Amino acid sequence: MPDDDRDWVLEAAAGVPGVHGAYHLVDPATGNRLSIAFFEDEAAAAAARQAIVKRAEEIGWHDEPHPAPASETIYEVMRHA
């Protein structure tokens with residue numbers, strides 16, 4: 001995750017049913033960053049993505065260049081407590 005302010009992403013995702021949590025993490029030693037989100041299912045993930053795109057348009061996020069995430073990987077939760 002790039003190091004610019006993207007709290008609006010978490011806020012947009014938090015309002016979507018089926019989103020169980022979203023976090024931006026940073027390794028204080030290296031500055032490496034990672035975003036993690038938990039969704040009920042693929043439909044909730046798609047709805048969260050749509051909410052984020054809508055919020056980006058509302059705030060004019062794409063009016064200025066911003067670094068894109070380096071990659072995206074989707075995992076399925078096998079077990080949880």
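Heads up: the structure comes first, above all this text.
To start, this report covers the structure provided alongside it. For clarity, every value in this text was computed on a predicted model and none was experimentally measured.

Each value, and the rule that gives it
Residues numbered from 1 in each chain as written. Predicted model: local features only at pLDDT ≥ 70, side-chain atom pairs only at ≥ 80, totals over all residues. Heavy atoms only, no water. Buried < 20%, exposed > 50% of the residue type's maximum accessible area, 1.4 Å probe, protein only. Helix = DSSP H or I, 4+ residues; strand = E, 2+ residues; numbered from the N terminus. Arc of directions from axis to C-beta. Contact = heavy atoms within 4.5 Å. Salt bridge = Lys/Arg side-chain N within 4 Å of Asp/Glu carboxyl O.

## Digging into helix H1 (residues 7–14)
For step 1, the next point in the chain: When we look at burial in H1, the residues that qualify are Trp8, Val9, Ala12 and Ala13. Buried residues of H1 fall within an arc of 135 degrees about the axis and therefore sit on the same side. The exposed residues of H1 that point more than 90 degrees off its buried face are Glu11 and Ala14.
For step 2, the next point in the chain: Contacts from the buried residues of H1 go to strand E1 (19–26) and helix H2 (42–59).

## Thoughts on the pattern of salt bridges
For step 1, the next point in the chain: According to the stated counting rule, one finds 2 salt bridges in the structure shown.
For step 2, the next point in the chain: For Arg49, the salt bridge identified is with Glu72, shortest N-O distance 2.9 Å. Taken as a pair, Arg49 in helix H2 and Glu72 in the segment after H2 lie far apart in primary sequence, 23 residues in all.
For step 3, the next point in the chain: Exposure remark for Arg49: the relative accessible area of 47% places this residue in the partly exposed category.
For step 4, the next point in the chain: Classification of Glu72 as exposed rests on a relative accessible area of 56%.
For step 5, the next point in the chain: Arg55 is the salt-bridge partner of Glu58, the closest N and O atoms lying 3.3 Å from each other.

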